[in-house]
Amino acid sequence: MLLVVTCPCAPLSSIKPAVLVSISNAASKSVLVKGSVQLENIKTVTAVAFDKTGTLTSGKPKVTDIIPFNNYSDTELLKIAASIETLSQHPIAKAIVKTANEKNISLERPTELQAIHGLGVHGSLNGVEYKIGKKELLAGLHVSAEQQTQAKSLEAEGKTVIFIQANNQVIGMLTIMDTIRPQAKKAIADLKAMGIKVAMLTGDSQSTADAIGRQAGVDEVY
């Protein structure tokens, strides 16, 4: 037996389930849609902006270079950086700590750790004040022309350069590198084939961001 029910409001009553199914389907693919208006307006999109770390990249950066200055050794520099970063949850901090653990380096617990938004961290270890992060974090300390050239060269390879400062001197650099997600290039290429401009957003230096942007195939980098 077959029962057929018709109703003039059927098209209207079908809209909400269709929207819910669409939003749920998108969410299952890690795409969050605010609501039905935004879902409908997707067809008018002309540009998409992606975050870099953990979105276009794997979000699992690795330490690639350890470059000590002023007679510090590789092990000493990594131990200092990893000890300061033990209390941080930032992906770069985790990469530094992981590298130290892989090398069986015994770490110490810092005191007075402070995260400086967008720049790095500031903390104390055995009475010494340390800063670890971008060059802009170094409070005007002198970085030699040779060191700056080396940092720029590393950034041009797509590496993030992390400076380490002890009291009033720069004692070394670490470089961190993340890898492009395998599916990111295709997703970007598909969007561009649809006539949609693709941009990448990041807190990295411009040269590092440009290098990653070229690998990913985005149109613009901010």
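What you see is a predicted model, and the numbers here were worked out from it, not measured in a lab.

Once that is clear, we can look at the overall build of the protein chain. Helix and strand counts for the protein chain come out as 8 helices and 9 strands. Against the 2.2 N^0.38 benchmark of 17 Å for 222 residues, the protein chain shows a C-alpha radius of gyration of 24 Å, more extended than a compact globule. The dimensions of the protein chain, computed from C-alpha atoms along their principal axes, are 85 × 35 × 30 Å. With 222 residues in all, the protein chain has 36% of them scored as buried. Looking at the protein chain alone, contacts between residues at least 24 apart form 59% of all its contacts between residues at least 6 apart. Roughly 13,400 Å² of accessible area belongs to the protein chain as shown, and the carbon and sulfur atoms make up 56% of that amount. Of note, the protein chain has its 23 positive side-chain charges centred 9 Å away from the centre of its 20 negative side-chain charges.

Attention now moves to the layout of surface pockets. It is the rolling of a water-molecule-sized probe over the atoms that shows where space remains empty. Here the largest pocket is characterised by a volume of approximately 860 Å³. Lining the largest pocket we find 38 residues, and of these I92, K134, T160, G203 and D204 sit closest to its centre. Mapped by element, the contributors of at least two residues to the lining of the largest pocket are α3 (52-56), α5 (91-102), β3 (111-116), β4 (120-125), β5 (128-133), α6 (145-155), β6 (160-166) and β7 (169-177). The residue makeup of the lining of the largest pocket, split by class, is 15 nonpolar, 13 polar and 10 charged. If you add up the space inside the second largest pocket, you get close to 710 Å³.

Further remarks concern α6. Taken residue by residue, α6 has Q147, A151, L154 and E155 as its buried positions. Seen end-on, α6 carries its buried residues on one side only, within an arc spanning 100 degrees. Exposed side chains of α6 directed beyond 90 degrees from the buried face belong to A145, E146, T149 and K152. Where α6 is buried, its residues contact β2 (62-68), β6, β7 and α8 (206-216).

Once that is clear, we can look at the nonpolar core. Grouped together as the largest cluster of nonpolar side chains are 23 residues, with contacts concentrated most on I96, Y130, I132, I164, I171, L174 and I176. Listing elements by their share of this core, those giving two or more residues are α4 (74-85), α5, β4, β5, β6 and β7. Ranked by residues supplied to this core, first place goes to α4 with 6 residues. In terms of nonpolar packing, the next biggest core, distinct from the first, is built from 13 residues, I180, A184, I212 and V221 among them.

Of all 7 residues in β6, 7 are buried, a share of seventy percent or more. Looking at chain direction, β5 and β6 are connected through 4 bridges and run antiparallel. Counted as the bridge partner of Y130 is A166 from β6. Of the pairings in the sheet, the one linking β6 to β7 comprises 7 bridges and is antiparallel in character.

What follows is about the sheet that holds strand β1 (residues 47-51). With parallel pairing, the 3 strands of this open sheet are ordered in space as β1-β8-β9. The sheet terminates laterally at β1 and β9 (220-221), the two strands that pair on one side only. Where β1 and strand β8 (residues 197-201) come together, 5 bridges link them in parallel fashion. Looking at β8, one finds that V48 is bridged to V198.

Our next topic: the pattern of salt bridges. By the definition in use, this model includes 8 salt bridges. As a salt-bridge pair, D204 and K52 come within 3.2 Å of each other at their nearest N and O atoms. Pair noted here: D204 is in the loop between β8 and α8 and K52 is in helix α3, with a separation of 152 residues, a long-range link. Of the two residues, D204 and K52, both sit in the buried class. Put simply, K197 and E220 hold a salt bridge, and the shortest N to O gap is 3.4 Å. Linking K197 in strand β8 with E220 in strand β9, this pair joins segments that are 23 residues apart in sequence. We classify K197 as partly exposed; its relative accessible area is 43%. E220 gets classed as partly exposed once you look at its relative accessible area, which sits at 27%.

Parameters at a glance
- Residues numbered from 1 in each chain as written.
- Predicted model: local features only at pLDDT ≥ 70, side-chain atom pairs only at ≥ 80, totals over all residues.
- Heavy atoms only, no water.
- Helix = DSSP H or I, 4+ residues; strand = E, 2+ residues; numbered from the N terminus.
- Rg over C-alpha atoms; globule rule 2.2 N^0.38 Å.
- Buried < 20%, exposed > 50% of the residue type's maximum accessible area, 1.4 Å probe, protein only.
- Contact = heavy atoms within 4.5 Å.
- Areas by Shrake-Rupley, 256 points an atom, 1.4 Å probe, with all protein chains shown as cover.
- Lys, Arg positive; Asp, Glu negative; His and termini not counted.
- Charge placed at Lys NZ, Arg CZ, Asp CG, Glu CD.
- 1 Å grid on protein atoms, 1.4 Å probe; cavity = no way out; pocket = protein on both sides within 12 Å on 5 of 7 lines; lining within 4 Å.
- Points joined across faces, edges and corners; volume = space filled by probe spheres on them.
- Nonpolar A, V, L, I, M, F, W, Y, C, P; charged D, E, K, R; others polar.
- Arc of directions from axis to C-beta.
- Core = buried A, V, L, I, M, F, W, Y, C linked by side-chain atoms within 4.5 Å.
- Pairing = 2+ DSSP bridges.
- Salt bridge = Lys/Arg side-chain N within 4 Å of Asp/Glu carboxyl O.

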